[in-house]
Amino acid sequence: MSTAFATLQASLLAAIVATPSLAGGRVSVNRMRPIPAGQDTAIVLRLEAAEGHEFVIDSIDWNSTYVVECYARGSAGADPESAVDTLLLDTWARLAALDFSQIGAAVTVDPKIQWQYDETDTPIVCAVIHLSAQHTTTSASLAPRS
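Reading the values: the criteria
Residues numbered from 1 in each chain as written. Predicted model: local features only at pLDDT ≥ 70, side-chain atom pairs only at ≥ 80, totals over all residues. Heavy atoms only, no water. Helix = DSSP H or I, 4+ residues; strand = E, 2+ residues; numbered from the N terminus. Buried < 20%, exposed > 50% of the residue type's maximum accessible area, 1.4 Å probe, protein only. Lys, Arg positive; Asp, Glu negative; His and termini not counted. Charge placed at Lys NZ, Arg CZ, Asp CG, Glu CD. Pairing = 2+ DSSP bridges. Axes fitted to C-alpha atoms, helices over the stretch in contact; angles between N-to-C directions. Expected span 1.5 Å × (residues − 1). Bend = angle between axes of the 7 residues up to and from the residue. Contact = heavy atoms within 4.5 Å. Phe/Tyr/Trp six-rings, centres within 6.5 Å; stacked < 30°, edge-to-face > 60°.

Participant: For this particular structure, what's the right way to read the overall build of the chain?
Facilitator: Along the backbone of the chain there are 2 helices and 5 strands. Secondary structure of the chain in N-to-C order comes out as α-β-β-β-α-β-β. For the chain, the spread of C-alpha atoms along the three principal axes comes to 60 × 25 × 25 Å. When the 146 residues of the chain are sorted by exposure, 41% land in the buried category. Mean positive and mean negative side-chain charge positions of the chain (8 and 16 charges, respectively) differ by 8 Å.

Okay, here's the thing in structure tokens:
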């Protein structure tokens, strides 16, 4: 049995990798080096934080934050932000259409995107989308409450 956090992350991953594929199918969970040399785009899904805020009859209500990092490699001398624009647009649309009511979670795309820049051999940009998930677990095992 998995925790509610792992179950929810697996459901998010399944939605992101659904056809048509984003980032050429290069979607990872918690990967530390998300965009190796020779790849232009990648997506990484991470669990960032979880905060329980109410105990009710052997249950905990949680607000969990997941991030979806959209990576793109730009061309030398060009604005790196333009390299990630299409991937960001497609990923946002995919996430905005999610419905997790069947697994007992309410997932919302937060109206917040952070851009991060790095320049190694070529410029790399990462647009980070934040997701909030409200869900309930049992207090004794952290299993999803059905």
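There's more to say after this.
Participant: Whenever I open this one, the pairing of strand 3 (residues 59–73) confuses me. Can you help?
Facilitator: In terms of burial, strand 3 is largely enclosed, as 13 of its 15 residues are buried. Between strand 2 (residues 41–55) and strand 3, which pair antiparallel and follow one another directly, the connecting turn spans 3 residues, one of which, I57, has a positive phi of 40 degrees. In terms of strand pairing, strand 3 meets strand 5 (residues 123–138) through 15 bridges, oriented antiparallel. Looking at the pairing, E69 lines up with V128 of strand 5.

Participant: Can you walk me through the sheet that holds strand 1 (residues 27–29) in this structure?
Facilitator: Paired through their backbone hydrogen bonds, the strands of a sheet run either parallel or antiparallel. Overall, mixed pairing links the 5 strands, which are arranged 1-2-3-5-4 in an open sheet. Since the sheet does not close on itself, it has two edges, and those belong to strand 1 and strand 4 (106–119), each with one partner. Between one strand axis and the next, the sheet turns by 25 degrees as a mean value, whatever way the strands run. In terms of strand pairing, strand 2 meets strand 3 through 13 bridges, oriented antiparallel. The partner of R46 across the bridge, within strand 3, is V67.

Participant: Quick question: what am I supposed to make of helix 2 (residues 80–96) here?
Facilitator: The terminal C-alpha atoms of helix 2 lie 25 Å apart, and with 17 residues this matches the ideal 24 Å at 1.5 Å per residue to within 8%. Within helix 2, the axis deviates most sharply at T86, by approximately 30 degrees. Listed in full, the buried residues belonging to helix 2 are P80, V84, L87, L88, T91, R94 and L95. Structurally, helix 2 contributes buried residues whose contacts are with helix 1 (4–16), strand 2, strand 3, strand 4 and strand 5.

Participant: How should the environment of K112 be read in this particular structure?
Facilitator: Residue position: K112 is located in strand 4. Using a relative accessible area of 44% as the deciding quantity, one classes K112 as partly exposed. Considering only alpha carbons, one finds K112 and L8, 104 residues apart in sequence, at a separation of 21 Å. Ignoring anything within four residues of it in the chain, the contact list for K112 reads V128, I129 and H130.

Participant: Explanation requested: the packing of aromatic side chains in the structure shown.
Facilitator: When we look at a pair of aromatic rings, we describe it by the centre distance and by the angle of the planes. Scanning the entire structure with this criterion turns up 1 aromatic pair. Ring centres 5.0 Å apart and planes at 90 degrees place the aromatic pair F5 and W62 in the edge-to-face group. Separated by 57 residues along the polypeptide, F5 in helix 1 and W62 in strand 3 bring together distant segments of the chain.

Participant: I keep staring at the side chain of T91 and nothing clicks. Help me out?
Facilitator: For T91, the position within the fold is in helix 2. A relative accessible area of 1% means that T91 is categorised as buried. Apart from residues no more than four positions distant in its own chain, T91 is found in contact with L22, I43, V68, C70 and I129.

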